[in-house]
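Observations on the model geometry
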Amino acid sequence: MNMRERTNDLKQRIERHIEAIAEFTSTPGNGTTRLTFSEQDRQARAYIKQVMNDCGLDVREDGFGNIFGKMEGTIEGAPSVLVGSHFDSVPRGGAYDGPAGVIAGLEVARLFRENGLKPKYPLEAVAMIEEEGGRFVGGLLGSRSMLGVVSAEEFAATTDKDGISTVEAMRAIGLDPTLPGKREAGSIKAFLELHIEQGPILEEEGIPIGIVEAIVGLTQVQVTVRGSAGHAGTTPMERRADALVAASKIVAALPELAARQGGGTVATVGRLNVLPNGANVIPDRVTFTVDLRAAREEDVLGILEKTEALAASAAGAGIEVDVERQLYIRPKRMSDRVRGLLESASETLGFVSRPLNSGAGHDAMIFSDFTEVGMLFVPSRGGLSHCPEEWSDAADIAGAIEIFYETAKKLTEA
Ligand code: HGY
Ligand code: MN
Ligand code: MN
């Protein structure tokens, strides 16, 4: 098979994988909703493990539900080169955010197998849980647990909005949380993650490959505003402690706070719950998340402190405000060595590429504290992501996989 035929074959395989995995959604016809340890997770997991088995990989799951497909190396006990991403989704998200990177791991391993490679260092395709934080708070839970940033006890104590713990949810779909969990950082030689850009730059510039230099710092807090419930009709306005009015003042002030912080700082309130949520009841409790990001750590810290001060200023006159920090990750740089390998492989294969920073968070930012990490982006149509319209061209994904294949060959040899 010549290179053109191989890339075409790869493109078709990618399209079939994307189509198959996209089936595993609880909102068919309305994007991908695949929450961790849900029935949809179970189905996607079965598919991914089957593909790993078909490729002759040693398949295992860890005590956190992450999936690994390993091709042994010739050096006994050597650290592995991991290639992969996450397979959970946001509610009503797209088909490519996560799966594109998981598929890259599967297909790089298949190319190793089909070309009869016997790498010195093992190669592992990896599919991780709960990067999005769609079910359990914080996000990046699969990579943070695997690397010990979250302890096994903290993992087991994590519950979803219905009070169901991770381990209960795991058992409910037949997973075993007693399996080995944390892996030694020394067991990982490098981590490669392919991801859709989730922004407009590559498409607008007509460039198929983005080589990620850095990932923004991000932090998430949960704000709880408490007031007093009351009758919507008989409670005079001046006697109210309306939690939603107080919460709304905080939410409405955030865009201006981010703009004043500068440096591309962004603030998002994506999840908000009102209690008791009756049309004729004055709300007595509102909880909402605030997602804050910036390329410079001083801006992440700055917007975090200003957000906490803003929230505190809403207290008084029967209103109480509590802010809980849920996740804090400083900005991360990718490995210069791996970036160099990606750049030269891209050039050798004749792809046009450009350096790019990531405004989205990724598992790569957790791995970057423990091993050498490289990330490639492919264009997102219209820059859209976290919505059903999310789409990327399988031909671009195929190109990125060819670059990863060349890079993984080098990383598994020296
Ligand atoms: O939120 C993010 O940046 C990623 O999609 N989890
Ligand atoms: Mn995402
Ligand atoms: Mn993602």
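Residues numbered from 1 in each chain as written. Chains lettered and ligands numbered in written order. Predicted model: local features only at pLDDT ≥ 70, side-chain atom pairs only at ≥ 80, totals over all residues. Heavy atoms only, no water.

1. A look at the coordination of the manganese ion (ligand 3)
To keep it simple, the criterion reads: Note: metal donors comprise N, O and S atoms at 2.8 Å or less from the metal (3.2 Å for Na, K and Ca); water molecules are not included, so apparent gaps in a site are possible.
At 2.1 to 2.2 Å from the manganese ion (ligand 3) lie its protein donor atoms, namely His-86 (NE2), Asp-97 (OD) and His-195 (NE2). Taken in chain order, the donor set of the manganese ion (ligand 3) reads H-x10-D-x97-H.

2. Topic: the side chain of Arg-34
Our working rule: Working definition: helices are DSSP H or I runs of at least four residues, strands are E runs of at least two. Numbering for both runs from the N terminus. Buried means the residue's accessible area, taken with a 1.4 Å probe over protein chains only, is under 20% of the maximum for its type, while exposed means over 50%, and partly exposed covers the values in between. A residue counts as positive if it is Lys or Arg and as negative if it is Asp or Glu; His and the chain ends are not included. By salt bridge we mean one thing: a side-chain nitrogen of Lys or Arg within 4 Å of a carboxyl oxygen of Asp or Glu. Two N or O atoms form a polar contact when they lie within 3.5 Å of each other; inside protein one atom must be a possible hydrogen donor and the other a possible acceptor, and for residues adjacent in sequence the pair counts only when both atoms belong to side chains. Contacts between residues were defined by any pair of non-hydrogen atoms, one from each residue, lying within 4.5 Å.
One can find Arg-34 in the loop between helix H1 (3–22) and helix H2 (39–54). Buried and without a salt bridge, Arg-34 has Asp-41 as its closest oppositely charged side chain, separated by 7.3 Å. Of note is the side chain of Arg-34, whose polar atom sits 2.9 Å from the backbone oxygen of Phe-24. One polar contact links the side chain of Arg-34 to the main-chain carbonyl oxygen of Phe-87, over a distance of 2.7 Å. Not counting residues up to four positions away in its chain, the partners in contact with Arg-34 are Ile-21, Phe-24, Gln-40, Asp-41, Ala-44, Phe-87, Asp-88, Ser-89 and Pro-99.

3. Side note on unusual backbone geometry
Residue Leu-275 is joined to Pro-276 through a cis peptide bond whose omega torsion reads 5°. For Pro-276, the position within the fold is in the loop between strand E10 (272–275) and strand E11 (281–282). For Glu-130, which is not glycine, the phi dihedral falls at a positive 45°. Structurally, the position occupied by Glu-130 is in the loop between strand E4 (123–128) and helix H4 (141–146).

4. Some remarks on the domain arrangement of the protein chain
Applicable threshold: For the purposes of this description, domain bounds are those given by an automatic or database domain assignment. A simple way to read buried area is as the amount of 1.4 Å-probe accessible surface that goes missing from two parts once joined, with both sides added. When residues are sorted by character, Ala, Val, Leu, Ile, Met, Phe, Trp, Tyr, Cys and Pro go into the nonpolar class, Asp, Glu, Lys and Arg into the charged class, and all the rest, Gly among them, into the polar class.
If you check the domain split of the protein chain, you get domain 1 (3–216 + 331–411) and domain 2 (217–329). Domain 1 and domain 2 are separated by 33 Å when their C-alpha centres are compared. Counting from both sides, the interface comprises 15 residues of domain 1 and, opposite them, 12 residues of domain 2. Buried area between domain 1 and domain 2, both sides added, is near 980 Å², and the carbon and sulfur share of it is 63%. Interface area lost by domain 1 to domain 2 is led by Gly-138, Val-216 and Pro-331, which between them contribute 49%. Here domain 1 and domain 2 share zero salt bridges between them. Counting every contact that joins domain 1 to domain 2 gives two residue pairs in polar contact (both at pLDDT 80 or more). Of the residues contributing to the side of domain 1 that touches domain 2, the split by class is eight nonpolar, five polar and two charged.

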